[in-house]
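# Structure assessment
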4 protein chains.
Amino acid sequence: MRTKAQYMERLGKMRHNLYTNGEKIGRLDERQEGAINVMGLTFDAVWDPETKDICTATSHITGETINRFNHIHQSAEDLHKKQDMTRTLCNKVGQCIQRCMGIDAANAVHAVSYEAQKSPKAKTAYHENWLKWLERFQKEDLVASCAQTDVKGERLKRPAQQTDPDMYVHVVEERSDGIVVRGSKVHISEASISDEILVVPNRALKKGEEEYALCFAVPSDYEGVKQVVHYHNTRKRDHFDNGKNFGYSDSYVIFDDCFIPWERVFLCGETQHGGVAALLFALFHRHSYSGCKPAMLDYVIGLAGMAAEINGIEKTPHVREMLSELIMTGELGYAAGYTASDLGKAEVYMPGMGFVPYGPGSYIPNSIYCNVGRCLSGEAVFHEQEILCNIAGGLPATFPYENDLKNPETRALLEKYITRNPNIAIEDQIKFWLNFIDFGLSGSAGSMLYGAYHGGGSPIMEQIAITTQYDIESKKDIVRDLAGMTPRKKK
Amino acid sequence: MRTKAQYMERLGKMRHNLYTNGEKIGRLDERQEGAINVMGLTFDAVWDPETKDICTATSHITGETINRFNHIHQSAEDLHKKQDMTRTLCNKVGQCIQRCMGIDAANAVHAVSYEAQKSPKAKTAYHENWLKWLERFQKEDLVASCAQTDVKGERLKRPAQQTDPDMYVHVVEERSDGIVVRGSKVHISEASISDEILVVPNRALKKGEEEYALCFAVPSDYEGVKQVVHYHNTRKRDHFDNGKNFGYSDSYVIFDDCFIPWERVFLCGETQHGGVAALLFALFHRHSYSGCKPAMLDYVIGLAGMAAEINGIEKTPHVREMLSELIMTGELGYAAGYTASDLGKAEVYMPGMGFVPYGPGSYIPNSIYCNVGRCLSGEAVFHEQEILCNIAGGLPATFPYENDLKNPETRALLEKYITRNPNIAIEDQIKFWLNFIDFGLSGSAGSMLYGAYHGGGSPIMEQIAITTQYDIESKKDIVRDLAGMTPRKKK
Amino acid sequence: MRTKAQYMERLGKMRHNLYTNGEKIGRLDERQEGAINVMGLTFDAVWDPETKDICTATSHITGETINRFNHIHQSAEDLHKKQDMTRTLCNKVGQCIQRCMGIDAANAVHAVSYEAQKSPKAKTAYHENWLKWLERFQKEDLVASCAQTDVKGERLKRPAQQTDPDMYVHVVEERSDGIVVRGSKVHISEASISDEILVVPNRALKKGEEEYALCFAVPSDYEGVKQVVHYHNTRKRDHFDNGKNFGYSDSYVIFDDCFIPWERVFLCGETQHGGVAALLFALFHRHSYSGCKPAMLDYVIGLAGMAAEINGIEKTPHVREMLSELIMTGELGYAAGYTASDLGKAEVYMPGMGFVPYGPGSYIPNSIYCNVGRCLSGEAVFHEQEILCNIAGGLPATFPYENDLKNPETRALLEKYITRNPNIAIEDQIKFWLNFIDFGLSGSAGSMLYGAYHGGGSPIMEQIAITTQYDIESKKDIVRDLAGMTPRKKK
Amino acid sequence: MRTKAQYMERLGKMRHNLYTNGEKIGRLDERQEGAINVMGLTFDAVWDPETKDICTATSHITGETINRFNHIHQSAEDLHKKQDMTRTLCNKVGQCIQRCMGIDAANAVHAVSYEAQKSPKAKTAYHENWLKWLERFQKEDLVASCAQTDVKGERLKRPAQQTDPDMYVHVVEERSDGIVVRGSKVHISEASISDEILVVPNRALKKGEEEYALCFAVPSDYEGVKQVVHYHNTRKRDHFDNGKNFGYSDSYVIFDDCFIPWERVFLCGETQHGGVAALLFALFHRHSYSGCKPAMLDYVIGLAGMAAEINGIEKTPHVREMLSELIMTGELGYAAGYTASDLGKAEVYMPGMGFVPYGPGSYIPNSIYCNVGRCLSGEAVFHEQEILCNIAGGLPATFPYENDLKNPETRALLEKYITRNPNIAIEDQIKFWLNFIDFGLSGSAGSMLYGAYHGGGSPIMEQIAITTQYDIESKKDIVRDLAGMTPRKKK
């Protein structure tokens, strides 16, 4: 397992293919620091006695101890630990811990490549290719990002119906030694700080859409790949330093007629498995949300509780009601993930067929519980901001600039008139509100909200997953029985 | 274990102390039938191979196989099975299965009497008395109802401050051989069809309120006890019989200076344990809601799905959205209970102290998860009715009377103009809508909603439980750390 | 103008064509009483000095003073008065006042028949026929119900696509002296106590659906018309009489190949005007909701306030929050209607064309404001019940039967244990809860909710009306301007 | 009436008392530009034929034509015009038009000073002082900001109970020639660009709080006044200029033992009138919200509609539902203000007394309608952001930097992969999203939301206003009548 230093050393050697604000930059550019510090924590955590246990695992292919973020789940226990690792680490950074993309994509491709290889028309030994990639991934303790979201262009048209056929990443040429791909995956978290990029399809696919049924991996500085990167770093402090520097990035990952050799291809043309790959990544990722969203709610509860304490309203009924609502959202989200982990198995739910074995035995969390949890907590984020706003009052919106808080002509007056609670040190009150502002009223607050709402699938996607995967007919049977109706003919 | 017939036989012999609609009636009066049929199912279920496993348990005091409704939880597995038993049986009746009151009260008193007996001022051997009662309860396979809800009078006054001191059940005289109690427990489900009534306090108590800290049991036809009973039976069908006859009752259980011998007293005067008894019964009962509320949602999902099918709108986006919401409520409620079961232990959470051992080792589900689940699903019930109304349209509100559906002058015309979906037999459509009306638009529909909303504790009670039992300070620590504030001084 | 007695005398002479519960009954059957008492109030009100002014109007065709319920709006003032008359009268009965159906349908047909008569293919002199009918309607002070809602059968199919073509009322034969119609209008309020039935289309219509573009009037006991009637009366009191007997009815109005002479036909085949007729009746009726829904909220606020007073929680923050919410719903609904009245004119909004003159100069309220008001208050009704439940607690769900409250063996005990507020007479507390139960927990409570939710158009219908009639493009222009985008090309 | 140039010329001459980011700056500093441009529009509008009519008025004291923002309402028509002026001008800037503070405070002080002068203990001729100030205010066409919000310190303590007595602005010394005041008014919009600051109390006051019952005016660069200013300007564009430069500022307005001569004092010590002043400013300001909030919704509807058009989902049901919700919020808010204007009169509602004449005859909008409108639209703002996020998808959160959109190495690729709708020019799509980001995801978006939520009174303040000013007893009378209860004894 690597250290943060080793991780950074490797980043430093990568080809420059990051574009931002009109420049081409290297991986160790200072704008990358916030994100690198967050990711660095996933390396530090395996050496920290407090987190070592939940952050490491035993590889089922090599038997070696590996970073859990590179592990293929072998049991319900693994799913529980992944959920708890995510919550624990997110609590240390107050945001997305970022490395879940890799574990979620790897677990999806692991199962899909296994099934797809059975296909008589398989273009290469998908699962064998995958296992080779996976072994290096685990051994070298690499960071993978997952590139799933396509541009999607005209939203009501399918991939092959688009005016511009490149609106979804697809194969434009098939060669004996590999394939040429074109398109762009967008909003790709941490691609700028990852070693590898794992590409999976974005949606269910039909016959005639074979070129879009595509899983592969490339190094993130690969020839033919350009990343246009957006950074979300909190503003540097002039005076009231919090001793942290956390942030994140996302990329337009552009495949500009990029050649992929067969050994890096894990699916190519099997439309049904392509759809499953899309679903499974989403499923594993929604399971990750059962760790990170409760962690974000832990933070929001802390912010709300502290704002209420400073404002002296912690015990009022309307604050209690709002705190209770935040706790409900967080813990219902956690309970959904907990149940999904506990009911995990090496099977997937197929509408009309029920649960069927899928993949080589690796564990898949229960889909319904993953989806109901993600949907609840994803939909709640704007309301959480409303609660913070309600409790905080207007203070954060007009908070003085740090330099005014230090200017001798205004400092004493401002400290006097910022004070709400005379029992808390003014320096602590100031630091609190600056942190509160970073979280809720800064330039990156909006992006974070959009990520929390749409990341891992917009609420409407979970609704669709829930209703298509739930056995509604069996609930109608309850009604048929109680109403005295003719029983359903079982097939 | 008894059969339904044996259960009824015993009911038939009881003293007449039920008052309803101006009459005094016996236990086998026809108004009692609906409720007895529901309760009877809890006896039948232990003989049914399909439900036998989850509906029986091994008594930890006698080692005998007993009805699970009379069992003291010995493990997380027991808690899981109780949750699943409740969901399964409620699905058979489309309403509350009623017998959970006994198991929930018994588990609360089991732990509380054990702790209270340690008190140097204990007035009798509470736990020994309790174990004797429990052994008979299990051996004779009795049905117990739980009497918790007091009249409460002026809501913002404490028990001892009331204009009328009898607004909470209390001891009015202490004798050498027992105590005399006065007051009324109200809205007591199934008291009219139970063998025993277990009485527990209704709220946290302070010094000076000793007379209200009271747990005891009486036979439900006991001298000095009057029950004024309200019945909630569905209307009898004239023509379109569904072959079911289910209902429920609730009683004003009035203790009119009723003498209780010491051997039936399990707590008397220990105010702190009285508060715990109130909390623990509520906790166990909210755990029951993680079984019955998902079951009710199973039924509601079935009603909504069937109404949508008949109206031909099953695939429209707004119906999908509503079905998804119903599924979310049900399964998040279930997941909360599942997690509460899995994290169950022989400890209770004490604000300021964290988890502390409590009781003789019997298992208590996690309080936070029980409360967030109950609060979510309890608050949702009116919205569920709105969804049913939205999907059904006006049809159920103006549905023809059964006799018009049979009258030769109107029958053919009505059958023609009731039809929405030509592919479903008209008889089935009629039976469906009659069942739908029973559930949502009948005289008992409103009562059922009130029970689902307030039973087991109104939403505001769960909010209070959640915020007082959640470790909000530890969430503020996350903020203190991220904001760079002074760390909290740990005690 | 008639009196209630004259109105009833005429009802007594009508042909028996009402079917209910397997019987054929006369208009003065006791089941009709509740509804007749409500309607009777609209006759009494014109003689009552307090209500005379808003309940009468001057006919624009005869110049005579008439009951406002039979008036064609000639000014914004008329619209204001109709809204206020509706609120005032509904407050006297605590439910729908029922006669708005007639005024709303009459105003719609008045404008539509005028426009349709201009059509070169008009089959008869629609507007002249109409004016003759109207004059008698006003002179004889008749009650009209409006029959709009069709069965609709398979919901996603248009009228002409239905498996059974009679799912919408339509012309099955055209003769020289009139037309023959077949089909059923369902959920028709007050048809059983009305003198006349006005029939209007239920939806927008296309070419090829001419037989469904149909407006006409028949006496409600007309040959060929059968009514299957459902009654919604509150339960008769045994002891605690409130001195009221109010209720309502609705009918399946079945046209069993019913012949309509041309002089009673106001539209026949003009599909575009048929759609406008559907829209206009809905519009006028949503305007009525801006009177009746605030009235219902007045009642709900009173119930909530009184329940809070009895429970002693009137000043608690959560009750204040709920009362505030109820007031908001009621008064926003009223304000929407007020604005719609004030902005009324003799024009309708045509998507893509804006406001265009329509009809002979009679006033039409603003559609957007009518729709936003109805949508808000219609969607709120289940939540209102939740608020009542929240404030009342479990008491209404298990309230003793009247006979138990009088039985000497239980009376004193029950009076003691029902008491919440020692400062309010127990008889008043009992009467209050019985009224509360009638409103929220009785058999007719569900039907009333369904009516409030769907009557006048389900919330989704208002959403459609709002989005199709709102000038969204002009709002995009604001964005185009602020964003510096290319201005929209104006046509 | 002045021009924008004259307005700016005067600003340029003012004393430097603005502190920001550690500097002391002049009124024409470039950070002030955004706000000045917005305010400038209120001067331009009186010369623009399109807006001249609603933006001017005839002074009731001089008979001259004045800017409506400096007018005292003389009729319901004036209230209507003020509402419409606000909506119209806000639509030109896509934000608060800022000058309403002056008109709202002036109308409040106009009435209050009139009533307070009648007090036998009045310390000076309040209303005469006021009229002198007002005449100059109108003649010189000045801009006034209103300073109401106090620091409030420990929220559950009253002004005189605070640990630091300066948490509310108060009189610290009374002299023969005037008073000395100390304290800070916070979050004061446009104070940095106003000519005058009008100070009014922040809350209801009791006996013993006389020093806090205080209305006065000072020039905004007055000796003894320091402003610490926060700016909310949109980011300057590098390439995709929208040709606008709008923004706003708010100040901590600090009175550091500031002397106020009697002729500028309009209330000093009359606690009851102090409370009315607080209420009346809030009331007039909530009336302003019935113009600005619908205007903001016009903008939000435009953003949502355009985002939906670009994403190609404008006709989908879930987008229609969301657009309908936005329209409802905006138009119900407008209707509430419209009704409040139309029912305006020279009276205020006093709980327990009903409407009583107040002030010298100037018009006051109806309080209930102002409050229900503000409450609805204020509470909705976070949900509006959720809707925008839902419709936009992830695009705005990761949008490329302008320089990347111009960099030859990335430009063509980005233009290709940003495109959603091939029928809209890419330059327009880019400008749209940049504007969308400014509105919802920028540093100032959060502040704007906080302002929209709390400005003019947080939702809880409207709840309190609504429930204390609504005649709930009269609604209970409806229940008393319908339930057959004893009628209320009228006083």
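What you see is a predicted model, and the numbers here were worked out from it, not measured in a lab. (Residues numbered from 1 in each chain as written. Chains lettered and ligands numbered in written order. Predicted model: local features only at pLDDT ≥ 70, side-chain atom pairs only at ≥ 80, totals over all residues.)

### Quick word on the domain arrangement of chain A
All names here are of chain A. With domains assigned, chain A is organised as domain 1 (4-274) and domain 2 (277-476). Centre-to-centre separation of domain 1 and domain 2, based on C-alpha positions: 24 Å. Broken down by secondary-structure element, the contributors of at least two residues to the side of domain 1 that touches domain 2 are helix H4 (76-93), helix H5 (100-117), strand S10 (225-233) and helix H7 (271-311). If one sorts the elements of the side of domain 1 that touches domain 2 by residue count, H5 sits on top with eleven residues. (Domains from an automatic or database assignment. Helix = DSSP H or I, 4+ residues; strand = E, 2+ residues; numbered from the N terminus.)

### Examining the UniProt feature "domain: HpaB/PvcC/4-BUDH C-terminal" (unreviewed entry) in chain A
UniProt's feature table lists "domain: HpaB/PvcC/4-BUDH C-terminal" (unreviewed entry) at residues 280-484 of chain A, given in the numbering used throughout. Across residues 280-484 of chain A, helical content stands at 71% and strand content at 4%; the span's end C-alpha atoms are separated by 40 Å. (UniProt positions renumbered as here; feature names shortened; annotations may be inferred.)

### Description of the confidence of the model for chain A
Chain-level statistics for chain A give a pLDDT mean of 96 and a share of 100% at 70 or above. What the predictor reports for the complex is a pTM of 0.97 with an ipTM of 0.96. (pLDDT = per-residue confidence, 0-100.)

### As for the relation of the copies chain C and chain D
Relative to chain D, chain C is turned by 180 degrees and slid 0.0 Å along the rotation axis, the superposed coordinates differing by an RMSD of 0.0 Å. Taken together, the rotation angle and the small translation identify this as a two-fold axis. Among all residues of chain C, the minimum C-alpha distance to the rotation axis is found for Ala-335 of chain C, at 2.8 Å. Here 100% of the interface residues in chain C have copies in chain D that are interface residues too; the copies meet face to matching face. (Least-squares fit on C-alpha atoms with pLDDT ≥ 70 in both. Contact = placed C-beta atoms within 7 Å.)

### Comments concerning helix H7 (residues 271-311) of chain B
Given a rise of 1.5 Å per residue, 41 residues ought to cover 60 Å, and the 57 Å separating the end C-alpha atoms of H7 of chain B matches this to within 8%. The first or second residue beyond H7 of chain B is Gly-312 of chain B, which carries a positive phi of 70 degrees. (Expected span 1.5 Å × (residues − 1).)

### A short note on the environment of Ser-444 of chain C
Residues and elements named next belong to chain C. Position of Ser-444 among the secondary structure elements: in helix H14 (residues 443-454). You can call Ser-444 buried: it has 23 C-beta atoms within 10 Å. Along the chain, Ser-444 and Asp-166 lie 278 residues apart, while their C-alpha atoms are 30 Å from each other. Those residues in contact with Ser-444 that lie beyond four places of it in its chain are His-232, Asn-233 and Thr-234. (Buried ≥ 20, exposed ≤ 12 C-beta atoms within 10 Å, placed from the backbone.)

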